[in-house]
Every structure is written in C-alpha cells, then in structure tokens.
Amino acid sequence: MNDDMTYGTSNTGANEESLRMVSSSPIGNEPVSDEELRPHVLDGFIGQPRLKAQLQLFLDAARKRDVPPDHILLAGPPGLGKTTLAMIVANELEVPIRVTSGPAVQHAGDLASILSSLDTGEVLFIDEIHRLPRAAEELLYIAMEDFRVDVMVGKGPGASSIPLTLPRFTVIGATTREGMLPSPLRARFGFTAHLDFYPQEELEKLIERSANVLGVNLDDGSAHELALRSRGTPRIANRLLRRVRDWAIVHDLIMVRPDDVKEALALYQIDSEGLDRLDLAVLNAIVRNFGGGPVGLNNLAAMVGEESETVETVCEPYLVREGFLMRTPKGRVATEKAWQHLGLTPTSDVSKTF
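The name given to the protein in an unreviewed UniProt entry is Holliday junction branch migration complex subunit RuvB, with Bifidobacterium olomucense as the source organism. Regarding the protein, the UniProt comment filed under Catalytic activity (unreviewed entry) reads as follows: "ATP + H2O = ADP + phosphate + H(+)". Regarding the protein, the relevant UniProt record gives this comment under Subcellular location (unreviewed entry): "Cytoplasm".

A. Main features of the packing of helix 9 (residues 234–250) against helix 10 (residues 258–267). In contact at an axis separation of 9 Å, helix 9 and helix 10 are set at 105 degrees when each is read in the N-to-C sense. Classified by the interaxial angle, the pair formed by helix 9 and helix 10 is roughly perpendicular. In this structure, helix 9 contributes L240, V244 and W247 to the contact, and helix 10 contributes D260, V261, E263, A264, L265 and L267.

B. Quick look at the UniProt feature "binding site: Mg(2+)" (unreviewed entry) in the protein. In the UniProt entry, the feature "binding site: Mg(2+)" (unreviewed entry) is given for T83. Positionally, T83 belongs in helix 3 (residues 82–93). Its relative accessible area of 9% is what places T83 among the buried residues.

C. Spotlight on the confidence of the model for the protein. Scored by pLDDT, the protein comes out at a mean of 80, with 86% of its residues at no less than 70. The lowest-confidence element of the protein is helix 1 (residues 12–18), averaging 43 in pLDDT; the highest-confidence one is strand 1 (residues 72–75), averaging 92. Across residues 1–19, where pLDDT falls below 50, the model places 48 contacts with residues more than four positions away in sequence or in other chains. Here residues 27–33 is a poorly scored stretch, pLDDT under 50, and it has 14 contacts once near neighbours within four places are set aside; other chains count.

D. Main features of the sheet that holds strand 2 (residues 97–101). If you trace the five strands from one edge of the open sheet to the other, you get 2-3-6-1-7, paired in parallel fashion. Of all strands in the sheet, those bounded by a partner on one side alone are strand 2 and strand 7 (191–194). Recorded for the sheet is a direction-independent mean angle of 15 degrees between the axes of neighbouring strands. Bridge analysis of strand 1 against strand 6 (residues 170–175) gives four bridges, and the strand direction is parallel. Directly across from L73, in strand 6, lies its bridge partner G173. Contacts from helix 3 reach strand 1, strand 2, strand 3 (123–127) and strand 6 within the one sheet, and its direction differs from that of strand 1 by about 155 degrees.

E. Just the nonpolar core, in detail. Within the largest apolar cluster, 45 residues are counted, with the highest numbers of intra-cluster contacts made by L55, I72, L85, I172 and L226. Looking at which element gives the most residues to this core, the answer is helix 9, with seven residues. Counting residues in each nonpolar core, the second largest holds 25 residues, with A112, I126, L140 and F147 among its members.

F. Examining the UniProt feature "binding site: DNA" (unreviewed entry) in the protein more closely. Per the UniProt record, the feature "binding site: DNA" (unreviewed entry) sits at R327 and R332. Within the secondary structure, R327 is located in strand 8 (residues 325–328). Among all residues touching R327, those that are not within four sequence positions of it are E312, E316, P317, V320 and R332. Within the secondary structure layout, R332 lies in strand 9 (residues 331–334). The residues contacting R332, other than those within four sequence positions of it, are I286, G292, G293, P294, V295, L297, L300, E312, E316, L325, M326 and R327.

G. Representation of the packing of aromatic side chains in the model. A complete count under the given rule lists two aromatic pairs for this structure. Geometrically, the ring pair formed by F58 and F191 is stacked, given 5.0 Å between the ring centres and 20 degrees between the ring planes. In this pair, F58 sits in helix 2 (residues 49–65) while F191 sits in strand 7, placing the two residues 133 residues apart along the sequence. A residue is classified by how much of its surface remains accessible, and F58, at 16% relative accessible area, is buried. The buried category is assigned to F191, whose relative accessible area is 11%. The ring of F197 carries the charged tip of R321 above its face, separated from the ring centre by 3.6 Å. One residue, K337, lies across the ring of F324, its end atom 4.6 Å from the ring centre.

H. Fine view of unusual backbone geometry. We note that Q48 has phi near 50 degrees; this positive angle belongs to a residue other than glycine. Tracing the sequence through the fold places Q48 in the loop between helix 1 and helix 2. Among the residues examined, Q48 registers a relative accessible area of 8% and is labelled buried. Although it is not a glycine, F147 sits at a positive phi angle of roughly 55 degrees. Assignment of secondary structure puts F147 in the loop between helix 5 (134–146) and strand 4 (148–153). The exposure class assigned to F147 is buried, which follows from its relative accessible area of 12%.

I. Highlighting the environment of F189. With respect to the helices, strands and loops of the structure, F189 is situated in the loop between helix 6 (183–186) and strand 7. Along the sequence, F189 and V171 sit 18 residues apart, while their C-alpha atoms lie 8.3 Å from each other. Apart from residues no more than four positions distant in its own chain, F189 is found in contact with H71, I72, L73, I129, M144, V171 and G173.

Reading the values: the criteria
Residues numbered from 1 in each chain as written. Predicted model: local features only at pLDDT ≥ 70, side-chain atom pairs only at ≥ 80, totals over all residues. Heavy atoms only, no water. UniProt positions renumbered as here; feature names shortened; annotations may be inferred. Axes fitted to C-alpha atoms, helices over the stretch in contact; angles between N-to-C directions. Helix = DSSP H or I, 4+ residues; strand = E, 2+ residues; numbered from the N terminus. Parallel < 35°, antiparallel > 145°, perpendicular 65-115°, else oblique. Contact = heavy atoms within 4.5 Å. Buried < 20%, exposed > 50% of the residue type's maximum accessible area, 1.4 Å probe, protein only. pLDDT = per-residue confidence, 0-100. Pairing = 2+ DSSP bridges. Core = buried A, V, L, I, M, F, W, Y, C linked by side-chain atoms within 4.5 Å. Phe/Tyr/Trp six-rings, centres within 6.5 Å; stacked < 30°, edge-to-face > 60°. Lys NZ or Arg CZ within 6 Å of the ring centre and 35° of its normal.

Printed below as a string of structure tokens:
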C-alpha cells in the first residue's frame, strides 16, 4: 500500500516506490507482513512501548467492563505495524475481525452491507480509511456513534429511509494521513495511537525475532547491519532479512556474518545508510551537477530521469528526515552529511545556502 501518494494525481511515484527494495510499501503481491512474522499478542509486539502500554490498558478496561472497546484509530507512516496491531486487538479480545480498505469501498452501499453483517463485539478493520468515499464516511459517522445505518428503499419522491440497528462493534481505522480525515470522523474514535519510526535498538530485536522464525542464523553484528539499512521501518527490515536469507541459501551459509549482510544488500544497491540507487542519484545530482544546490525540483527530476512527483514523494521524505537534504524557499540543498556520505568536501559553507 503506498499511502505516501496524493490520490487523484498521477501514480508514477507510487509505481516507482513499489519497485524499491527499501520501499515501506508491499512489493507486488507481498503481504503487508508475512503471517509467519506477525506476532499475535501484544506482549510479542516489539517496539512502540508507550503505545503498547496505552493500548493494553484500553483493552484490559474493556474486558473488565465486558463491553466492546471504543473505536481505535492507528496513524503513522506505512510499514510500522498498524495492520499487525489491528490483528492483535482482535486476537486479544478473542473476537472475529473483518478486513477491508478505503479504496475497496466504492459506494456507501458497500459499507452498509459490511456493517449490517457484523456480529456483536466484532472488529471491523478499515485500512487507508482516509480514502473512503464521502458518502461512505457519512454513513460510518452514524454507525460508529449510534450503531445504526439508514437504508434507502426505493427511488425518487417515493424513496424512504429505514433505520437498521446494528450490534455494538469496534472499528479500527488505519491511516498514513491523519490530516486527511474529516474532523467528524476523527472525533468518533475513542483511542488514537500514533506509531513512530523505530530506533535502531528495537529494530535489531525485531530482526533477531524474525530471523528465529525464518530459521536464519545471524552472527553477532548481523542484525545491527540490517537495522542500519532498514530506515526505522519493520516492514523494510523483514524484507531485507528475507533477501539476506536468500543469499545465505544460495551460498550454503550456516551462519550469516555482518560481511555477508553487506555483500548481499550491496547486490541490491543498498548502502550502509539505507539509501538505494534512486536516493544516491538524487544526492549525486545535487552535489556534483548543481554544486550542492539550491536546485529546483523540476531540474533535479530531469537530471535523475524521474518524474518530479517521484522525487518529491518517494525520495525526499527519508533524505530530509535523515539530514541529507534540506528543502528551502530557493530549492533543494544537500547538507554537509550528504557531501560526507558521498566522500566529498563541501565547496562552500552549506549553512549559507539557505
């Protein structure tokens, strides 16, 4: 799911993102998170300690009151575990879970059909909830607050609305763009959880756990090398681990050493900072062709042979977050860290360029 795109515009950037080994979106038919790697209880979920404590309290209180919990909104960048947490909530509550997504609901009637078939206590998980059609959103307002849907019977002047009472249920919405949710919808969630990028230490623990599940023997330091290249995202960490597993199988390795990790991921053009071919092409263009910047987005995109939207939505967020790139009123500027990463010395004081 690439949720980092602006919907309703060209999806060139989305296509480019889905092809990258360090994409936080699933590649092709790859599931969001392999079932074999997904924990089923909250105690087994690695990372997000504050969120876990809040969610544990929230679920424990609901169990003691013997009522379904309030609706839950999970917000954060793709690949951090929103779907996994939704599955865990249903498992902890020992109730079924119904899964759909915003783009899959084309009409309000589609959502009404799902809602009317829910049982008491059931969890309805709506991924990419910010992409629900407006009519479906308005239907969901009433269903979440009053546990009813109004079914229209007939057409034209003779049409009538029949209220249909629903059993009490819990909606879990997942979004990468909380700001795109209408205020009335956002206000109906009783608990909002914000997922953050993972620190390296937590990623190492997650990689070691996944390696045990996959049967990969990692030597000391191998998980560290994988974590360095995982962009703070569990989905990327697990994907890179699977590629290293492939390397180990092909080369008949019993133990995967740090040097094996480096060599395997170098094959996929992923360096020690998690930068891939496209990221390095952007940095090299700014530094070598434009003297470090500032440079306009369109000129930069033309230099690397990509669409402007691809550079802006696929490459730049991570480069900016990690301090390789600055967005200024005059254009994009490479930081001192970017120069050093490329093994070059800045031609001028970077701080004076903006």
